[in-house]
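A look at the structure
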Amino acid sequence: MNTPARPRSTLLAMLVLWAAFYASFTLFTPPLLDDADSVHVEVAREMLLRHDYVTLYANGIRYLEKAPLMYWAMAASMKIVQLLGGHSPSALAAAARFPIALDVLGLVWIAEMLSRRMLRSARAGLYTVLILLSSFGIFLFTRLTLPDAGVCLWLTLALYAFWRTEELGSPQIRDAHTDRALRINCGIFALACALNVLTKGLIGLVFPIAIVLIYLLLTRGFKNTLHRLRELHPLATLEAFLLIAAPWHILAGLANPTQGHPAAFQFVHGHWLVPLPTDGNVRGWFWFYFMNEHVLRYLNLRIPHDYDTSPLWLFWGLCFLWIMPWSAFIFKAVVYAIPLRWNKWRDHFRRHDLPLRRRGLLLLIVWSAFVLLFFSLSTRQEYYVLPALPAVALLIADWLAHTSFLTCHPEQREGPALSSEQQERLTSANLRITTVLLALGTLVAALSIFLLIHARNVAPNTGLASLLNQNPADYALSMGHFMDLTGPSIALFRFPLLIAALSLFLGPLASLILRKRAQPHAANLALAATAFGFLISVFLGLRIFTPVLTSAQLAESIAPQVRAQDLIVIHGEYESGSTLSFYLQRPDIHILEGRSSNLWYGSFFPDAPHIFETPESIAAKWSGQQRIFLWQSLTDPPSTLPTLPGPIYVLVKSGGKEIISNQSNR
């Protein structure tokens, strides 16, 4: 079975677009954001400081929630930059972002190979590259140091390896060479699953195993599925998986045992009550990581309950938003992948003569559907949909590649030739979809022009924070702060809004004209230009919004004044001002009225540093000799300072936040 070679133009497009949008200026700007972004980078930095690569720490406290692979990669990248002479916080932040960028490159590389092998089309490989690199969701959530790009990469690699085993067939038609290839691909599957577990926990194993089992049951039935699994060297594959995944889990459990005498579980009124820890009495890593962070989080019972869940309609709707404008083709792509009634799937997909490509399309359907359904039944954030996007991208790429090729070269179609009526239907379908995109783009452009005309000019040096509404109830969602935008604030977003409007209008317009001229490939490239133009507007908009989302500018302002003996305090949760820790390179930030969120559970271990302040303790220190820098939000609770004796000096304000001190600047 011959796989189409990757054209040099596809490789060049992949590397240039990746470098331009993921591995150049986007590594350095905007600065790290408060909350998960800076917390994760600080965890990696403290890993280097403590030389402890088993137990994660944030601000000196055990951080037991996460798997370690992303932090190992960020720590290694920062260490390399330090050896090369880069010690500034901005250089280390760029270094920390680089492994996430490499995850995206690896994802696109593997997805392109899978596309060519599975869909038998080099052009489908190109479209897969363009769709994934221009994905709004992938771009947006790789601006943050989140592990989800890694989840996409390892899941795609696992299913690529499984697909290679499908291509190799059954033992009856294999020789020694292909049997060796089967073993190698089973090993790659185990490697990918293990790395995924080390990236984001048990879903790294649940996703590929469940997708493969559902696919095998649909195509082979129960009995033949068991037979096929025995052919895939299950014991050797399991051994390889455990050899890679097990050591860290064992070491983490041994390094973080149960402390003291934590309260027992209670069954009250038909419900289990999860006991809360107390100082010195806390369950160890095994319970917290596997039970609390996996089982209880899935059931929305995790402690502490410091997160929200996206509404189901929003979660599914974002699947279309994160891959716009390509998502307009998704319904046609799915119908094309399974072109028959559901009551005939059994006879269709279990046929021995069914083309392998058709089975591949079924695997993609199972892949995307399982991820979406899995999170539909649990708590979910906006970015949890990302592991489904590679499969969706391949489905859309298959539709675009085959319709663009067959409408121009119908005589080269596999199987019966297309009739003129069938060719017309294919052409008309994409024309209608592009017309809808143009209509939506025109609407967005008109609305944008209206806003640009009517947006009032703001006074010079007006901060964005002063023009926003505050909706603290939405901030548990990843993108909750964007709900704060108001009409007056639009004036600060004129340039990115103009770029978005032009991209969403001119791209579909050019695509429609090219389709009417029977140039479908050029029309698809015009849509790619639309998507990348929109990403530029997103990046520019994010930079404008950044002062509201980060305290980096506050840290840089006070850095020349801060001495090692000074006390840095965040009023509220650590995450609300966590960039202070990284940009001031201080793993000893004190917390006033904010013993919660990521630092909460680890703070109950006996060796946790005493960093949590009360209004009484901070008041007692305020009038002392030690200089105190106190971070304070002017909008989010708790936004009212406790009573402090002595003078209060406001050192800097920015983005709805300020830093005050008990002493004036030196």
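Residues numbered from 1 in each chain as written. Predicted model: local features only at pLDDT ≥ 70, side-chain atom pairs only at ≥ 80, totals over all residues. Heavy atoms only, no water.

A tally of regular secondary structure across the protein gives 22 helices and 10 strands. For the protein, the residues scored as buried account for 56% of the 666 residues in total. A separation of at least 24 residues holds for 75% of the contacts in the protein among residues at least 6 apart in sequence. Surface exposure of the protein reaches about 28600 Å², of which carbon and sulfur atoms provide 65%. (Helix = DSSP H or I, 4+ residues; strand = E, 2+ residues; numbered from the N terminus. Buried < 20%, exposed > 50% of the residue type's maximum accessible area, 1.4 Å probe, protein only. Contact = heavy atoms within 4.5 Å. Areas by Shrake-Rupley, 256 points an atom, 1.4 Å probe, with all protein chains shown as cover.)

Secondary-structure assignment places Ser115 in helix α4 (residues 89-119). Using a relative accessible area of 0% as the deciding quantity, one classes Ser115 as buried. Engagement of the side chain of Ser115 in a polar contact is seen with the backbone nitrogen of Gly125, the distance being 3.4 Å. (Polar contact = N/O pair within 3.5 Å; in protein donor to acceptor, adjacent residues only side chain to side chain.)

Take the packing of aromatic side chains next. Per the counting criterion, the structure on display carries 33 aromatic pairs. Ring centres 6.4 Å apart and planes at 10° place the aromatic pair Phe286 and Phe290 in the stacked group. Linking Phe286 with Phe290, this pair stays in helix α11 (residues 285-298), spanning 4 residues, or about one helical turn. You can call Phe290 partly exposed: its relative accessible area is 25%. With 5.2 Å between their ring centres and 85° between their planes, Phe374 and Phe375 make a pair best called edge-to-face. (Phe/Tyr/Trp six-rings, centres within 6.5 Å; stacked < 30°, edge-to-face > 60°.)

Before going further, it helps to examine helix α18 (residues 494-516). End to end, α18 covers 33 Å across 23 residues, agreeing with the expected 33 Å (1.5 Å per residue, within 8%). Backbone geometry just downstream of α18 places Ala518 in the positive-phi region, at approximately 60°. (Expected span 1.5 Å × (residues − 1).)

Of note, the amide linkage connecting Thr29 to Pro30 takes the cis form, showing an omega dihedral of -5°. On the secondary structure map, Pro30 appears in the loop between α1 (8-22) and α2 (36-50). Residue Pro325 is bonded to the preceding Met324 through a cis peptide linkage, with omega at -5°. Mapped onto the elements of the fold, Pro325 is located in the loop between α12 (312-321) and α13 (330-337). The phi dihedral of Asn59 falls on the positive side, at around 55°, and the residue is not glycine. Take Asn59: it is sitting in the loop between β1 (57-58) and β2 (61-62). Looking at Asn59, the relative accessible area reads 0%, which means it is buried.

Quick look at the environment of Leu195 now. Of note, Leu195 is situated in helix α8 (residues 176-200). Placed 127 residues apart in sequence, Leu195 and Pro68 show a C-alpha to C-alpha distance of 10.0 Å. When residues no more than four places from it in sequence are discounted, the contact partners of Leu195 are Leu69 and Trp154.

Right, let's talk about a nonpolar patch on the surface for a bit. A surface patch of nonpolar side chains, about 330 Å² in accessible area, is lined by Met291, Val295, Leu299 and Leu301. Relative to the assigned elements, Leu301 resides in the loop between α11 and α12. For Leu301, a relative accessible area of 45% translates into the label partly exposed. (Patch = residues over 30% accessible without salt bridge, like charges linked within 9 Å, V, L, I, M, F, W, Y side chains within 5 Å. Salt bridge = Lys/Arg side-chain N within 4 Å of Asp/Glu carboxyl O.)

As enumerated under the stated definition, the model contains 16 salt bridges in all. One salt bridge connects Arg228 with Glu166, and the closest N-O pair in it is separated by 3.6 Å. With Arg228 in helix α9 (residues 203-231) and Glu166 in helix α7 (residues 148-168), this pair connects stretches of sequence that are 62 residues apart. Residue Arg228 shares its accessibility class with Glu166, and that shared class is buried. The partner of Asp398 in a salt bridge is Arg357, and the shortest N-O contact between them spans 2.7 Å.

Membership of the largest hydrophobic core comes to 185 residues, with the highest contact counts inside it found for Tyr22, Met78, Leu133, Trp322, Trp367, Leu386 and Ile396. When residues of this core are assigned to their parent elements, the largest contribution, 17 residues, is made by α4. Grouped together as the second largest cluster of nonpolar side chains are 9 residues, Leu567, Leu592, Trp622 and Ile660 included. (Core = buried A, V, L, I, M, F, W, Y, C linked by side-chain atoms within 4.5 Å.)

Let us now look at the sheet that holds strand β8 (residues 628-633). Taken together, 6 strands build an open sheet; the order of strands is β7-β6-β5-β8-β10-β9 and the sheet is mixed. Each edge of the sheet is formed by a strand with only one pairing partner; in this case those strands are β7 (612-613) and β9 (649-654). Of the pairings in the sheet, the one linking strand β5 (residues 567-571) to strand β6 (residues 590-592) comprises 3 bridges and is parallel in character. Each residue of the ladder has a partner; that of Ile570, found in β6, is Ile591. Where helix α22 (residues 615-622) meets the sheet, its contacts fall on β5, β6, β7, β8 and β10 (657-661), and the angle it forms with β8 comes to roughly 140°. (Pairing = 2+ DSSP bridges. Axes fitted to C-alpha atoms, helices over the stretch in contact; angles between N-to-C directions.)

We now examine the packing of α18 against helix α19 (residues 520-549). At a closest axis distance of 8 Å, the pairing of α18 and α19 adopts a crossing angle of 175°. Looking at the two axes, α18 sits roughly antiparallel to α19. Looking at the contact of α18 with α19 residue by residue, the class counts come to 17 nonpolar, 8 polar and 1 charged. (Parallel < 35°, antiparallel > 145°, perpendicular 65-115°, else oblique. Nonpolar A, V, L, I, M, F, W, Y, C, P; charged D, E, K, R; others polar.)

What follows concerns the environment of Ser578. Here Ser578 shows up in the loop between β5 and α21 (579-583). Considered as a pair, Ser578 and Asn59 are 519 residues apart in the sequence and their alpha carbons are 9.0 Å apart. Ignoring any residue separated from it by four or fewer positions in sequence, one finds Ser578 in contact with Asp34, Asp35, Ser38, Val39 and Ile570.

Strand direction decides the pairing type here: β9 and β10, joined by 5 bridges, are antiparallel. Note on β10: the bridge partner recorded for Tyr649 is Ser661. Counting the residues in the hairpin turn of β9 and β10 gives 2 residues, including Gly655, whose phi is positive at 60°.

What follows is about the confidence of the model for the protein. Of all residues in the protein, 87% attain a pLDDT of 70 or more, and the chain-wide mean is 87. Taking the mean pLDDT of every element in the protein, the minimum, 55, falls on helix α14 (residues 345-349) and the maximum, 97, on helix α3 (residues 69-83). Taken as a whole, residues 409-417 scores under 50 in pLDDT and shows 7 contacts with residues more than four places along the chain or in a different chain. (pLDDT = per-residue confidence, 0-100.)

At a minimum axis separation of 9 Å, α13 and helix α15 (residues 356-376) run at an interaxial angle of 130°. Between α13 and α15, the interaxial angle falls into the category oblique. Crossing of α13 against α15: the hand is left-handed. Residues Val334, Tyr336 and Ala337 of α13 lie in contact with α15, whose contacting residues are Arg357, Arg358, Leu361 and Ile365. A class-by-class count of the residues in the contact of α13 with α15 yields 5 nonpolar, no polar and 2 charged. (Left-handed = near helix turned anticlockwise from the far one by under 90°.)

Here Lys657 shows up in strand β10. A polar contact of 3.2 Å, which involves the side chain of Lys657, links it to the backbone oxygen of Val548.

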